[in-house]
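Read off the chains here:
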Amino acid sequence: MYSTNFLRETARVVQRVVLVLLLNLTCHNINRSSYLPNATPVFSNLSTPDIESSLITLNLQGHFIFNDTHHVANDFGNIYHFLPMAILLPKTVSDISTTIKHVFDMGPNSELTVTARGHGHSLQGQSQSHGGIVIRMESLKQPKMHVHTGEPPYVDVSGGELWINVLHETLKEGLAPKSWTDYLHLTVGGTLSNAGVSGQAFRHGPQIDNVHQLEIVTGKGEIVNCSEDQNADLFYGVLGGLGQFGIITRARIALEPAPKMVKWIRVLYSDFYSFTKDQEQLISSDTSFDYIEGFVIKNRTGLINNWSSTFSPRDPIQASQFRSEGKTLYCLEMAMYLNREDSNTMNQVSIS
Ligand SMILES: Cc1cc2nc3c(=O)[nH]c(=O)nc-3n(C[C@H](O)[C@H](O)[C@H](O)COP(=O)(O)OP(=O)(O)OC[C@H]3O[C@@H](n4cnc5c(N)ncnc54)[C@H](O)[C@@H]3O)c2cc1C
């Protein structure tokens, strides 16, 4: 007989395998349009010049670029290169809505695709559009960032805003978003279309769990507000929806008081079992840490030498003599948020 725990664990593994297969299928679909760089697709009854001239007639505050579109036929992955027909640089939400409505009105015969592009840090062409329209979300500067300091605190931001700018603006009020990505030069719309995961997720959930409200331009060009109480299907479809359910033009992000100080700790392991055991214990216990993340480190030379704080600062030789060459190491990174009055107790960690 199998134990309940064994069966539960097996079910969890099967779920993960199915999820990975589904994600692979999704990626395949996204990229199936073409692997040929710079080829232009044929639309059934609308020629490219026809579409271009119809786009020019739209009443927009921003504008289209039709020539030099190569710079959005790339992304961080540098694997796929899909040349779009046009780039829209929107100034207003209405520019986005007008454009999408226009494409929708072309009807099903038009195979024109529209893709929102944040900072282009996806890996497999997700922010590109083969022969279609790429909307450069970073051009959209509305609404102007507005920090609400009441209870609960939040910030309203444009979907094209970079998280690093959100941090700088909210810090002026002593506040910060609750959940982050490690790297902050990503857009709000770009990470909310995925999940937005970092070391705070064990406590607050990923970034998509820390959004109060969204403004979306739908596939028909309508501008719709949504939240868990209003148009909830759209809200949950768009969050983590890889840009397939609408374009995020505004997001209301949950904030919390920003810590005044942070105690940052990295612990190295050579044994995978001890590393995962400690990590699981830390994230499941009522720990004092506010950030916990794990890394695998492989074949990195000189790795530890710029981590002198990992070792005793009084013994820099110990740090410089550490050699990681050729070994696989595991690292737990943890941080504890502190205020100045906590500085006396910052080295005491309680785990229950
Ligand atoms: C160096 C690096 C570090 C990273 N670190 C982390 C990390 O710590 N945690 C983490 O979770 N992820 C991380 N990522 C992954 C990253 O979060 C995703 O690739 C994210 O989608 C990139 O955001 P972007 O602004 O560049 O979006 P893009 O790559 O431009 O777009 C990504 C997807 O979102 C869609 N999209 C973009 N904007 C909108 C919008 N306004 N409305 C609707 N859909 C939109 C696009 O169509 C596309 O499908 C990292 C990636 C890199 C390259």
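Residues numbered from 1 in each chain as written. Predicted model: local features only at pLDDT ≥ 70, side-chain atom pairs only at ≥ 80, totals over all residues. Heavy atoms only, no water.

1. Some thoughts on the sheet that holds strand E1 (residues 63–65)
For step 1, the next point in the chain: In space, the four strands of this open sheet follow the order E1-E2-E4-E3, with mixed pairing throughout. Each edge of the open sheet is held by one strand with a lone partner, namely E1 and strand E3 (114–117). Sheet twist, expressed as the average angle between the axes of neighbouring strands with direction ignored, equals 25 degrees.
For step 2, the next point in the chain: Direction of pairing for E3 relative to strand E4 (residues 133–136): parallel, over a ladder of four bridges. Residue pairing across strands places Val114 opposite Ile133, the latter belonging to E4.
For step 3, the next point in the chain: The sheet strands contacting helix H3 (residues 93–105) are E1, strand E2 (86–89), E3 and E4, and the helix crosses E4 at an angle near 170 degrees. (Pairing = 2+ DSSP bridges. Helix = DSSP H or I, 4+ residues; strand = E, 2+ residues; numbered from the N terminus. Axes fitted to C-alpha atoms, helices over the stretch in contact; angles between N-to-C directions. Contact = heavy atoms within 4.5 Å.)

2. A few points about the site of the ligand
For step 1, the next point in the chain: Taken together, 29 residues are adjacent to the ligand, and Ala116, Gly118, Ser122, Thr187 and Asn194 come closest.
For step 2, the next point in the chain: Val197 places a polar main-chain atom, nitrogen or oxygen, 2.7 Å from an oxygen atom of the ligand.
For step 3, the next point in the chain: At a separation of 3.4 Å, an oxygen atom of the ligand approaches a polar backbone atom of Leu242.
For step 4, the next point in the chain: About the coverage of the ligand: the protein hides 86% of its 960 Å² of free accessible area.
For step 5, the next point in the chain: If you list the elements that add at least two residues to the shell around the ligand, you get E3, helix H5 (188–192) and strand E10 (247–257).
For step 6, the next point in the chain: When we break the shell around the ligand down by domain, the ones giving at least three residues each are domain 1 (48–131) and domain 2 (146–257). (Near = heavy atom within 4 Å. Polar contact = N/O pair within 3.5 Å; in protein donor to acceptor, adjacent residues only side chain to side chain. Areas by Shrake-Rupley, 256 points an atom, 1.4 Å probe, with all protein chains shown as cover. Domains from an automatic or database assignment.)

3. Here we look at the nonpolar core
For step 1, the next point in the chain: In this structure, Leu192 and Leu214 are the most contacted members of the largest nonpolar core, which totals 30 residues.
For step 2, the next point in the chain: Among the secondary structure elements, those contributing two or more residues to this core are strand E6 (154–158), helix H4 (163–171), strand E7 (175–177), H5, strand E8 (211–217), strand E9 (223–227), helix H7 (232–238) and E10.
For step 3, the next point in the chain: If sequence neighbours within four positions are ignored, Leu192 has contacts with Gln207, Ile208, Val211, Leu214, Val238, Leu239, Gly240, Ile248, Ala251 and Ile253.
For step 4, the next point in the chain: Core analysis: the second largest hydrophobic core is formed by 21 residues, Leu60, Ile100, Met106 and Leu112 among them. (Core = buried A, V, L, I, M, F, W, Y, C linked by side-chain atoms within 4.5 Å. Buried < 20%, exposed > 50% of the residue type's maximum accessible area, 1.4 Å probe, protein only.)

4. Points about the sheet that holds strand E13 (residues 328–338)
For sheets, the rule is that strands pair by backbone hydrogen bonds, running either parallel or antiparallel.
For step 1, the next point in the chain: The strand order across the open sheet formed by three strands is E11-E13-E12, and the pairing between neighbours is antiparallel. The outermost strands of the open sheet, each flanked by one partner alone, are strand E11 (261–269) and strand E12 (291–298). Within this sheet the neighbouring strands show an average axis-to-axis angle of 20 degrees, counted without direction.
For step 2, the next point in the chain: Across the sheet, helix H8 (residues 272–284) touches E11, E12 and E13, and the angle it forms with E13 is around 20 degrees.

5. Comments concerning the confidence of the model for the protein chain
For step 1, the next point in the chain: For the protein chain, per-residue confidence averages 83 on the pLDDT scale, and 76% of positions sit at 70 or higher.
For step 2, the next point in the chain: Here residues 1–7 is a poorly scored stretch, pLDDT under 50, and it has one contact once near neighbours within four places are set aside; other chains count.
For step 3, the next point in the chain: pLDDT under 50 marks residues 13–44. Its contacts with residues more than four places away, or in other chains, come to 32 contacts. (pLDDT = per-residue confidence, 0-100.)

6. Overview of the environment of Gly132
For step 1, the next point in the chain: Here Gly132 shows up in the loop between E3 and E4.
For step 2, the next point in the chain: Under the relative-accessibility criterion, Gly132 is labelled buried at 0%.
For step 3, the next point in the chain: A sequence separation of 48 residues divides Gly132 from Pro84, and the C-alpha atoms of the two residues are 4.9 Å apart.
For step 4, the next point in the chain: Ignoring sequence-local partners within four residues, the contact set of Gly132 consists of Pro84, Met85, Ala86, Leu112 and Thr113.

7. Describing helix H2 (residues 48–56)
Each α-helix turn comprises 3.6 residues. Residues three or four places apart therefore point the same way.
For step 1, the next point in the chain: Buried residues of H2: Ile51, Ser54 and Leu55, and no others. Take H2 and look down its axis: the buried residues cluster within an arc of 100 degrees, on one side only. Those residues of H2 that are exposed and aimed more than 90 degrees away from the buried face are Pro49 and Ile56. (Arc of directions from axis to C-beta.)

8. What about the environment of Glu293?
For step 1, the next point in the chain: Turning to its location among the elements, Glu293 is positioned in strand E12.
For step 2, the next point in the chain: Taking relative accessible area as the criterion, Glu293 reaches 12% and is therefore assigned buried.
For step 3, the next point in the chain: For the pair Glu293 and Gln279, spaced 14 residues apart in sequence, the C-alpha separation works out to 8.1 Å.
For step 4, the next point in the chain: A distance of 3.0 Å separates a polar side-chain atom of Glu293 from the backbone nitrogen of Gly199.

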